[in-house]
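# Geometric and topological summary
Residue strings, one per chain:
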Amino acid sequence: MTAPCVSRRALLGGSMLSSLGFLLQARGGRAADGAEAVATTPGAPVLLCVFLRGAADGLNVVVPHGEPEYYRLRPSIAVPRPGEKNGAIDLDGRFGLHPRLAPLKAAFDAKELALVHAVGSPHPTRSHFEAQDYMETAAVGDRSASHGWLASYLGSRPKVGSGLLRAVAISSRSPLALRGYPDAVVAGNLRDFRLTTTAGLEPVLADGFRRLYDADATTLAEHAGQRALAASEVVKKALGKQRRGGAPGYARDAQDFADVARLIKADVGLETAWIDVGGWDTHRYEGSTENGDLPRQLDRLGHALSAFRADLGAAFERVVVVVMSEFGRTARENGTGGTDHGHGNFMLLLGGKVQGGRVLGNFPGLAADQLFEGRDVPVTTDFREVLAEVCERHLKMPDASLLFPGFKLEKQRRLGFLA
Amino acid sequence: MATMWWSRLFATTTLAGLCACSPSQAMAPRFAAKPRLQTLRLAARPKTVVDPPASLATLADARHVLNRFAFGPRPGEVERVAHMGAARWLEEQLAGPPESPLLEAALVPHRAAYVPPAQLVDDWLGDGWEAETRTSRELREETKPHFREHLERLATAELTRDILSQRQLEAVMTDFWANHFNVFASKGFVRLFEGDYLERAIRPHALGKFSELLLATARHPAMLIYLDNAESRREAGDVKSRGGKRHRGLNENYARELLELHTLGVDGGYSQADVQNVARILTGWSVVRVNEGGFDFVFRKPAHDRGEKTVLGESFPRGQNEAEGLRLLELLARHPATAKHLARQLCARFVADIPPDSCVTAATAAYTSSDGDIKEVVRAIVKDPSFWAKSARGTKLKTPLELLASAARALDARPDGSLQLAKTMSKLGEPLLQERVPTGYPDSEPEWASGGGMLARMSFASDLGAGNVRGFDVPWDESLPAGGDVDQLITTFGGSMLGLAADSRTLLLVHEEVNALQDPEQKRAAAVALLIGSPEFQRQ
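Predicted model, so just to flag it, every value in this text is computed and none were measured. Within any chain, residue numbers begin from 1 and follow the written order of that chain's sequence. Starting at A for chains and at 1 for ligands, labels are handed out in the order in which the entities are written. Predicted model: local features are reported for residues with pLDDT of at least 70 only, side-chain atom pairs are reported and counted for 80 or more only, and whole-chain, interface and lining totals are derived from all residues. Side-chain measures were taken over the full set of non-hydrogen atoms in the model, leaving aside hydrogen atoms and water.

As a further point, take the overall build of chain A. Along chain A, the regular secondary structure elements total 10 helices and 12 strands. Note on exposure labels: buried denotes an accessible area under 20% of the residue type's maximum, exposed denotes more than 50%, and partly exposed covers the range between, all computed with a 1.4 Å probe on protein chains only. Taken across its 419 residues, chain A has 63% of its residues classed as buried. For chain A, the computed accessible surface area is about 14,200 Å², with 50% contributed by carbon and sulfur atoms. Segments assigned H or I by DSSP are reported as helices when at least four residues long, segments assigned E as strands when at least two residues long, and all are numbered from the N terminus. Residue exposure ignores everything except the shown protein chains as possible cover, and the areas themselves are Shrake-Rupley values with a 1.4 Å probe.

This next bit is on the packing of helix 7 (residues 220-239) of chain A against helix 25 (residues 451-465) of chain B. Close contact between helix 7 of chain A and helix 25 of chain B brings their axes to 8 Å; oriented N to C, the two are set at 85 degrees. Here helix 7 of chain A lies roughly perpendicular to helix 25 of chain B, going by the angle between them. From helix 7 of chain A, Ala221(A), Ala224(A), Gly225(A), Ala228(A), Leu229(A) and Ser232(A) reach across to helix 25 of chain B, where they touch Gly451(B), Met454(B), Leu455(B) and Met458(B). Of the residues that constitute the contact of helix 7 of chain A with helix 25 of chain B, the class distribution is seven nonpolar, three polar and no charged. For helices, the fitted axis covers only the stretch in contact; all axes are lines through C-alpha atoms, and the angles between them, taken along N-to-C directions, range from 0 to 180 degrees. For classification purposes, an angle smaller than 35 degrees is called roughly parallel, one larger than 145 roughly antiparallel, one from 65 to 115 roughly perpendicular, and anything else oblique. Any pair of residues with heavy atoms lying within 4.5 Å of one another is described as a contacting pair. In the scheme used here, Gly and all other residues not listed as nonpolar or charged are polar, with Ala, Val, Leu, Ile, Met, Phe, Trp, Tyr, Cys and Pro taken as nonpolar and Asp, Glu, Lys and Arg as charged.

Attention now moves to helix 4 (residues 128-137) of chain A. Residues and elements named next belong to chain A. Counting buried residues in helix 4 gives eight out of 10 residues, a clear majority hidden from the surface. For helix 4, the complete set of buried residues consists of His 128, Glu 130, Ala 131, Gln 132, Tyr 134, Met 135, Glu 136 and Thr 137. Remark: Ala 138 follows helix 4 within two positions and exhibits a positive phi of approximately 60 degrees.

What follows covers the sheet that holds strand 4 (residues 96-97) of chain A. Strands belonging to one sheet form pairs held by backbone hydrogen bonds; the direction of such a pair is parallel or antiparallel. Should DSSP find at least two bridges between two strands, the strands are regarded as paired. As summarised here, the arrangement of the three strands in space is 2-4-3 (chain A), forming an open sheet in which the pairing is antiparallel. Because the sheet does not close on itself, it has two edges, and the strands there are strand 2 (62-63) and strand 3 (89-90) of chain A.

With 66 residues of chain B at the contact, the number on the chain A side is 59 residues. Two parts placed together each lose some accessible area under a 1.4 Å probe, and the buried area is that loss summed for both. Roughly 5,100 Å² of surface becomes buried between chain B and chain A when both sides are summed, with 57% attributable to carbon and sulfur atoms. When a carboxyl oxygen of Asp or Glu is within 4 Å of a side-chain nitrogen of Lys or Arg, the pair counts as a salt bridge. Counting the contacts that link chain B with chain A gives eight salt bridges. For Glu512(B), the salt bridge is made with Arg211(A), and the minimal N-O distance between the two is 3.1 Å. Pairs of N or O atoms within 3.5 Å make up the polar contacts considered here, provided that, within protein, one atom can donate a hydrogen while the other can accept it, and that residues adjacent in sequence are counted only when both atoms are side-chain atoms. At the boundary of chain B and chain A, one finds 27 residue pairs in polar contact (both at pLDDT 80 or more). Among the secondary structure elements, those contributing two or more residues to the side of chain B that touches chain A are strand 2 (244-248), helix 15 (253-262), helix 16 (272-281), helix 24 (445-448), helix 25, helix 28 (505-514) and helix 29 (520-532) of chain B. Top contributing element to the side of chain B that touches chain A by residue count: helix 25 of chain B, with 10 residues. The residue makeup of the side of chain B that touches chain A, split by class, is 23 nonpolar, 20 polar and 23 charged.

Residue and element names in this part refer to chain B. In this structure, strand 1 (residues 237-241) lies alongside strand 2, joined through five bridges in antiparallel fashion. Each residue of the ladder has a partner; that of Gly 237, found in strand 2, is Arg 248. Hairpin connection, strand 1 to strand 2: the antiparallel pair is bridged by two residues, and Gly 243 has positive phi, about 70 degrees.

Attention now moves to the state of the cysteines. Cysteine sulfur atoms that pair up within 2.5 Å are treated as a disulfide. Following the criterion strictly, the structure yields one disulfide over all chains and no others. Bridging Cys347(B) to Cys359(B), the disulfide has an S-S length of 2.3 Å. The chirality of the disulfide connecting Cys347(B) with Cys359(B) is left-handed, given an S-S dihedral of about -90 degrees. Placement of Cys347(B) in helix 18 (residues 336-350) and of Cys359(B) in helix 19 (residues 357-369) is noted, with a sequence separation of 12 residues between them. The pair formed by Cys347(B) and Cys359(B) is uniform in burial state, with each residue classed as buried. Distance from the sulfur of Cys49(A), which forms no disulfide, to the nearest cysteine sulfur (Cys391(A)) is 8.2 Å. Relative accessible area serves as the criterion here: at 0%, Cys391(A) is assigned to the buried category.

Residues belong to a common nonpolar core when they are buried Ala, Val, Leu, Ile, Met, Phe, Trp, Tyr or Cys residues joined through side-chain atoms within 4.5 Å. Counting residues in hydrophobic clusters, the biggest one holds 258 residues, and the most contacted among them are Phe308(A) and Trp177(B). With 11 residues, the top contributor of residues to this core is helix 7 of chain A. If near-sequence neighbours (up to four positions away) are discounted, Phe308(A) is found in contact with Leu48(A), Tyr250(A), Phe257(A), Val260(A), Ala261(A), Ile264(A), Phe316(A), Val319(A) and Val321(A). Grouped together as the second largest cluster of nonpolar side chains are 44 residues, Met135(A), Leu387(A), Leu403(A) and Phe417(A) included.

The next point concerns the pattern of salt bridges. Residues and elements named next belong to chain A. On inspection of all chains with the given rule, the structure shows 66 salt bridges over all chains. Residues Arg 126 and Asp 376 are paired through a salt bridge, measuring 2.7 Å at the closest nitrogen-oxygen approach. Of this pair, Arg 126 sits in the loop between strand 5 (113-120) and helix 4 while Asp 376 sits in the loop between strand 11 (358-360) and strand 12 (381-382), and the two are 250 residues apart along the sequence. Looking at Arg 126, the relative accessible area reads 5%, which means it is buried. Taking the relative accessible area as the measure of exposure, Asp 376 reaches 0% and is therefore buried. The partner of Asp 311 in a salt bridge is Lys 265, and the shortest N-O contact between them spans 2.5 Å.

Attention now goes to unusual backbone geometry. All names here are of chain A. Although it is not a glycine, Asn 86 adopts a positive phi angle of roughly 55 degrees. Residue placement: Asn 86 occurs in the loop between helix 2 (68-73) and strand 3. Relative accessible area serves as the criterion here: at 29%, Asn 86 is assigned to the partly exposed category.

A pair of packed helices is characterised by two quantities: the angle between their axes and the separation of those axes. Residue and element names in this part refer to chain B. For the pair helix 10 (residues 136-164) and helix 12 (residues 190-202), interaxial distance at closest approach is 8 Å and the crossing angle is 30 degrees. Taken together, the axis directions place helix 10 and helix 12 in an arrangement best described as roughly parallel. On helix 12, the residues touching Leu 139, Phe 147, His 150, Leu 151, Leu 154, Glu 158 and Arg 161 of helix 10 are Arg 191, Leu 192, Glu 194, Gly 195, Leu 198 and Glu 199. Considered class by class, the residues forming the contact of helix 10 with helix 12 number six nonpolar, two polar and five charged.

Right, let's talk about the environment of Thr424(B) for a bit. All names here are of chain B. Here Thr 424 is to be found in helix 23 (residues 420-427). Spatially, the C-alpha atoms of Thr 424 and Leu 404 are 8.5 Å apart, while their sequence positions differ by 20 residues. Sequence-distant contacts of Thr 424, that is, excluding residues within four places in its chain, are made with Leu 404, Phe 460, Val 469 and Arg 470.

Scored by pLDDT, chain A has a mean of 89; 89% of the residues are at 70 or more. pLDDT runs from 0 to 100 and stands for how confident the predictor is about each residue. Here residues 1-39 of chain A is modelled with pLDDT under 50, and outside its nearest four sequence neighbours on either side it reaches 90 contacts, counting other chains as well.

Attention shifts here to the environment of Arg334(B). All names here are of chain B. Mapped onto the secondary structure, Arg 334 falls in helix 17 (residues 322-334). Measuring from C-alpha to C-alpha, the distance between Arg 334 and Tyr 367 comes to 9.1 Å, with 33 residues separating the pair along the chain. One polar contact links Arg 334 to Asp 371, side chain to side chain, over a distance of 2.9 Å.

For the rest of this paragraph, the subject is the confidence of the model for chain B. Residue and element names in this part refer to chain B. Residues at a pLDDT of 70 or more form 90% of chain B, whose mean pLDDT is 89. Here residues 1-48 is modelled with pLDDT under 50, and outside its nearest four sequence neighbours on either side it reaches 92 contacts, counting other chains as well. Our summary of model confidence lists the complex with pTM equal to 0.90 and ipTM equal to 0.90.

The next point concerns the side chain of Thr217(B). Residue and element names in this part refer to chain B. Following the sequence through the fold, Thr 217 ends up in helix 13 (residues 210-218). Here the side chain of Thr 217 touches Leu 214 through a polar contact of 2.8 Å, landing on its backbone oxygen. Dropping the residues within four chain positions of it, Thr 217 is found in contact with Phe 181, Tyr 197, Ile 202 and Met 223.

Once that is clear, we can look at the side chain of Glu435(B). Here Glu435(B) is to be found in the loop between helix 23 and helix 24. Of note is the side chain of Glu435(B), whose polar atom sits 2.9 Å from the side chain of Arg173(A). Those residues in contact with Glu435(B) that sit more than four places away from it in its chain are Arg173(A), Asn182(B), Val183(B), Phe184(B), Gly440(B) and Tyr441(B).

Let us now look at the packing of aromatic side chains. Any pair of Phe, Tyr and Trp rings, taking the six-membered ring for Trp, is counted once the centres come within 6.5 Å. Such a pair is stacked with planes under 30 degrees apart, edge-to-face with planes over 60 apart, and tilted for the rest. Within this structure, the stated rule accounts for 20 aromatic pairs over all chains. Aromatic side chains Phe176(B) and Trp177(B) sit 4.8 Å apart centroid to centroid with 80 degrees between the ring planes, which places their arrangement in the edge-to-face category. Accessibility assignment for this pair places Phe176(B) and Trp177(B) in one class, buried. Measuring from ring centre to ring centre gives 6.0 Å for Phe493(B) and Phe537(B), while their planes differ by 40 degrees; the resulting arrangement is tilted. In this pair, Phe493(B) sits in helix 27 (residues 486-498) while Phe537(B) sits in the segment after helix 29, placing the two residues 44 residues apart along the sequence. Taken together, Phe176(B), Trp177(B), Phe181(B), Phe210(B) and Tyr367(B) form an aromatic cluster joined through their ring pairs. Across the ring face of Phe51(A), the terminal group of Arg53(A) is positioned such that the distance to the ring centre comes to 4.7 Å. The aromatic ring of Phe147(B) is capped on one face by Arg191(B), whose charged end is 5.0 Å from the ring centroid. Distance and angle both matter: a charge sits over a ring if NZ of Lys or CZ of Arg is within 6 Å of the ring centre and within 35 degrees of the ring normal.

Below, the structure is given as structure tokens:
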């Protein structure tokens, strides 16, 4: 076993890295020249996490159209039954996809897409940031945890080659899930992940910054700067030139997905990718299927995921996409055409090896006595059960419990979406 | 009395100074020699007086307070504050010094940024636009073409203040509270109210009583719209509406964030029932509709839930209308959990990402004993030894805003009236007024220290050195003449701004790189780029 995950309580907020032994080890020599050949294991598995920030309304994503209560609770925002105008896309007679996710139906039919319902964090918090933190540290209930579970995963695996691009996050700031792995390539737009200088000054500044940031890198910022300078060359090369009008097959607002697909296909050693998608906090004007904020969000997500799948082609066999959000929303619509903070939610799994075409989990129903605290979908599947299965079956970790403090995946609880 | 603790404080803390440069370097004569500006900027200091050199420790203290309670020092300012004493400078800041004519002039092109919404609409759509006969949709459509520029102007105006204002502490606190009480300017009509929100709800109370600040935000249309309270109303069940039924009643959004983010904190001991009852109490707190002819706060009695409520164990008897909300906000502002929550956040901002216990204890006590006087909390933080600890100095990672403002100040740059500064902030990853979530922008290192973020900072510094950051003018020829001695420039800047010794690794390295170039302009450009982009300048 290589270095197990670092003590989760290791400072973090404090910026010193000294406790992150594996990191310094991982730097292995001077990777100053980012353009060096990146040795990879071709066909190595890749995990893409898509985090829907703001609490996506799972009941309008994976619609329980078989539950009469659903329509009673949501008089103005329910998604109509299958067969009705703008109706849900039936999946199994009980659940259906929001019609704006129609592009994903093909993947479901090809059994490459699985959904889990009534899944989430067992902690009852309805605070966005607290719930997101628990999902990203996977140390549910531990407010002091500051180490991300993806960082723990990366720390537990041997590095191949330069390791510059093991982890990529498309996010305006570092996601907590990757906290503790400051080598991660994090950028709101990967096309901006580069040092821009004025003509004539490039050699001096590139060298100068590399040296200034190549000190023993005892702080997060310096370490991140140093690694980013090295990784930026690889990123630039792998992404290639931007086509006018965006990546073929993708909508303009799906550049992030297109760029991740590029990196996967370029075989630059990518192991984990993370995409943040904001805008799910639909307290008002959530909408049903036509107008409203949620249909617009789902439209983008559905197209992006479907384009990503098509784009990857054969490489899709070694990719698993996990879509998740911090919690679900109230079963009942609120007083302003939206929903408030709830509890249980959905998760989506997509990938060439996913044994999909099913809605998994245990969804009890929407009657008052079936709801958590009388208002929300309960959590009957711990999100870590889903992640553990991905880590063990897809990423081939012998025991994913290492990543999730205080959590153990029981065999009989395995959902079985991966062989 | 007020001065006593200061003198005691400095008697014990001056030894903690960590400036490693020699006094002569730290005096930064080159940067200070700027007669034109000096008359405006340094009016308080007669030019004829030759001050004795300040001690290293005093210079380090001055640099520390300017880094934390201002957006960094301007040329010569470390020395000036060292001479007057960091304590006196801070008291001046708490009292609110007169504003600089330089800022007044720089804000003239941005006057529209802070215009109240009704006038803004008049200015855009003409006096002939009769609000009474129009719908929100029409207003939205017709004002749409103006919004982008308006928000860029507002962001630029705020940045202009951060760079030029003499009231630096007020500017820093305005940034702090604008994030604490964040609203997303691009949500609905919030954009119409954002300037008014910053100018009339946040800034006047930034160093005032927290209870008044809280009330000002709670009643402001920007907040009422952003967190949906404007539409929340008493439960009315399902009602018939266009195209079918809909549910009319509560929206919990503001109530929850009011407890979790604005006052008690997530550990503040409230329950889901408290959230709902807070939402019920605040039903009716709304905004005048467009066709009602206004843009102000209104209490809508028919929307108000008149039933009895209990929040945090306190009973709110039925039928008290708007007074219930006022009582609730007082209760929250006075609550011990609020004192602690705010103390933690302020100590994290001013001392360290993980706020030291002593600081939190002192700040909490000051908050409680002063009935939430923000000035007293600031004084308590400065008085706490943790603020002056060596480990607290030069260690906190600047936010992108702090980087841009401090770089502009260090180079004596003056905003040029264009809207480019707002765009630069977007490139740096902190587009002002555009944070969607109610937590606002963070200020801790793990959040900002991403690879992409660091590259953006280095790229910004490179642009700055080459004179390619648009939005402000750097008086290169006055402060950093290209033909001048670039080695002197590096030593002076490193000493005065960063407290680095002339033979520190960073400065030696910058010398070395720069001297590989021949062209004097390129040398200067590279020196500025490497200094502003250096790891040391990313910290304060």
